[in-house]
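Topology and contacts: notes
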Amino acid sequence: MAAQLEEVNKIRIIITGQHIKTKRVTFVERGASLASLTGKQHQRGSPYKPVEVFAVKCAAVRSAGKYKQNGGRDPEEPRLRGDAGMLPKPVADDLRQGYTSEAQSYSSTTIYFSDIVGFTQLSGVSTPHQVVNFLNKLYTTFDDIIDHYDVYKVETIGDAYMVVSGVPKENGIKHISEISRMALDLIAVCYTFKIPHISDAQLKIRSGIHSGPVVAGVVGTKMPRYCLFGDTVNTASRMESTSEALKIQCSSSAAELLNEIGGYILSCRGTLNVKGKGAMTTWWLEGKESEKTSK
């Protein structure tokens, strides 16, 4: 039976062009196939019945079909693909090679948050399909813009858009400049962007940025996500939620870095009582000095 089991484990056939390769069937695949055919889970260590061996062979055939339909790639691979933006490429490469992805600390980063002003009201007068079409068009536009900067898009949740610089590739204090220029470009595109089903409506986003340390790591295995943790994330989110339409609110730490780099126009908003943070002095990022001079 041991020899038979070893043969079964290797039966997963993967077809690529004229070549045929074998790959081990995962325990999950094996269990799912047996459960679907026999109505119960196979217990580890117990002998395989003929009908169970047949079920595993069925799983092999299905896997071969999925592999071929997936353009010659393992059907499990897309969840680790760094080029698709699901994970940073260096992190995805490590996972593909079997390395464990350990959480890492980054001492200097800048995080950007934005959301859509009036999104709840807009959703109330739109169909779900219209909302999805609108968000897809907007964030595809945003994605094209951020490709020009040294930043990583962490996630979009509903109408919220989160971006970081300095993670996973550290870049000194350049992260504040990369996020700031990106944020200004995202505000600028709002003036020309047309909401597909409400063409006469003005798109308005509010934005916030904060600089500080974070811890970053991969969470989950089924659909792994690259997540950021720490007070810097919370503060950046507060900078966005207390911001105003078509404005970029900066924390004092972000403003200090911008002043250190130079070339940016900042105006002090004053002191705010920020939930969970207390009194904070914040700043508006209004543009770049070079742009002001050219005008």
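These figures come from a predicted structure and were not determined experimentally.

What to know about the overall build of the protein chain
Along its length, the protein chain carries ten helices and ten strands. Buried positions account for 39% of the 295 residues belonging to the protein chain. Long-range contacts, defined as pairs at least 24 residues apart, comprise 62% of the intrachain contacts of the protein chain with a sequence gap of at least 6.

Brief notes about the side chain of Glu-178
Its location among the elements puts Glu-178 in helix α7 (residues 174-190). Exposure remark for Glu-178: the relative accessible area of 5% places this residue in the buried category. A polar side-chain atom of Glu-178 sits 2.7 Å from the main-chain amide nitrogen of Asp-150. Excluding its chain neighbours within four sequence positions, the residues that come into contact with Glu-178 are Tyr-149, Asp-150, Val-151 and Ser-165.

Description of the packing of helix α6 (residues 128-146) against α7
Two elements in contact, α6 and α7, have axes whose closest approach is 10 Å; the angle formed by their N-to-C orientations is 145°. For the pair α6 and α7, the sense of crossing is right-handed. In contact with Thr-141, Phe-142, Ile-145 and Ile-146 of α6, α7 contributes Met-182, Asp-185, Leu-186 and Val-189. Considering only residue class, the contact of α6 with α7 consists of six nonpolar, one polar and one charged.

Quick word on the packing of α7 against helix α9 (residues 252-261)
Interaxial distance between α7 and α9 falls to 9 Å at its minimum, and their mutual angle equals 100°. Taken together, the axes of α7 and α9 lie roughly perpendicular to each other. On the side of α7, the interface is formed by His-175, Ile-176, Ser-177 and Ser-180, while α9 contributes Ala-254, Leu-257, Leu-258 and Ile-261. When grouped by side-chain class, the residues that make up the contact of α7 with α9 number five nonpolar, three polar and no charged.

Some details on the packing of aromatic side chains
By the definition in use, this model includes five aromatic pairs. Measuring from centroid to centroid gives 5.8 Å for Tyr-152 and Tyr-226, while their planes differ by 85°, and the two rings are edge-to-face. Of this pair, Tyr-152 sits in strand β4 (residues 152-157) while Tyr-226 sits in strand β7 (residues 225-229), and the two are 74 residues apart along the sequence. For the pair shown, Tyr-152 and Tyr-226 are each scored as buried.

Some thoughts on α9
Restricting attention to buried positions, one finds in α9 the residues Ala-254, Ala-255, Leu-257 and Leu-258. All buried residues of α9 fall inside an arc of 160° around its axis, so they share one side. More than 90 degrees from the buried face of α9, the exposed residues found are Glu-256, Asn-259 and Glu-260. Buried residues in α9 make contact with α7, β6 (205-219), β8 (248-250), β9 (264-274) and β10 (278-288). Just downstream of α9 lies Gly-262, where phi reads positive at about 85°.

Description of the confidence of the model for the protein chain
Overall, the prediction assigns the protein chain a mean pLDDT of 80, with 69% of residues at 70 or greater. Across residues 4-25, confidence stays below pLDDT 50; counting only partners more than four residues off in sequence or on other chains, it has 46 contacts. Taken as a whole, residues 73-84 scores under 50 in pLDDT and shows 33 contacts with residues more than four places along the chain or in a different chain.

Quick look at the pattern of salt bridges
All told, the structure shown has eleven salt bridges when counted by the stated rule. Between Lys-247 and Glu-244 there is a salt bridge whose closest N-O contact spans 3.5 Å. In this structure, Arg-269 and Glu-244 form a salt bridge, with 3.3 Å as the shortest nitrogen-oxygen distance. Of the two residues, Arg-269 sits in strand β9 while Glu-244 sits in the loop between α8 (231-241) and β8, which places them 25 residues apart along the sequence. Using a relative accessible area of 35% as the deciding quantity, one classes Glu-244 as partly exposed.

Things to note about a nonpolar patch on the surface
A cluster of nonpolar side chains, contributed by Val-215, Val-219 and Phe-229, occupies part of the molecular surface with about 240 Å² of accessible area. Its place among the elements puts Val-215 in strand β6.

Quick notes on the nonpolar core
Nonpolar side chains in soluble globular proteins generally cluster together in the buried interior. The biggest cluster of nonpolar side chains holds 40 residues, and the ones touching the most others in it are Tyr-112, Ile-116, Phe-134 and Met-182. Top element by residues in this core is α7. It accounts for nine residues. What Ile-116 contacts, discounting residues up to four positions off in sequence, is Phe-134, Leu-135, Leu-138, Tyr-139, Asp-159, Leu-203, Lys-204 and Ile-205.

About the criteria used
- Residues numbered from 1 in each chain as written.
- Predicted model: local features only at pLDDT ≥ 70, side-chain atom pairs only at ≥ 80, totals over all residues.
- Heavy atoms only, no water.
- Helix = DSSP H or I, 4+ residues; strand = E, 2+ residues; numbered from the N terminus.
- Buried < 20%, exposed > 50% of the residue type's maximum accessible area, 1.4 Å probe, protein only.
- Contact = heavy atoms within 4.5 Å.
- Polar contact = N/O pair within 3.5 Å; in protein donor to acceptor, adjacent residues only side chain to side chain.
- Axes fitted to C-alpha atoms, helices over the stretch in contact; angles between N-to-C directions.
- Left-handed = near helix turned anticlockwise from the far one by under 90°.
- Nonpolar A, V, L, I, M, F, W, Y, C, P; charged D, E, K, R; others polar.
- Parallel < 35°, antiparallel > 145°, perpendicular 65-115°, else oblique.
- Phe/Tyr/Trp six-rings, centres within 6.5 Å; stacked < 30°, edge-to-face > 60°.
- Arc of directions from axis to C-beta.
- pLDDT = per-residue confidence, 0-100.
- Salt bridge = Lys/Arg side-chain N within 4 Å of Asp/Glu carboxyl O.
- Patch = residues over 30% accessible without salt bridge, like charges linked within 9 Å, V, L, I, M, F, W, Y side chains within 5 Å.
- Areas by Shrake-Rupley, 256 points an atom, 1.4 Å probe, with all protein chains shown as cover.
- Core = buried A, V, L, I, M, F, W, Y, C linked by side-chain atoms within 4.5 Å.

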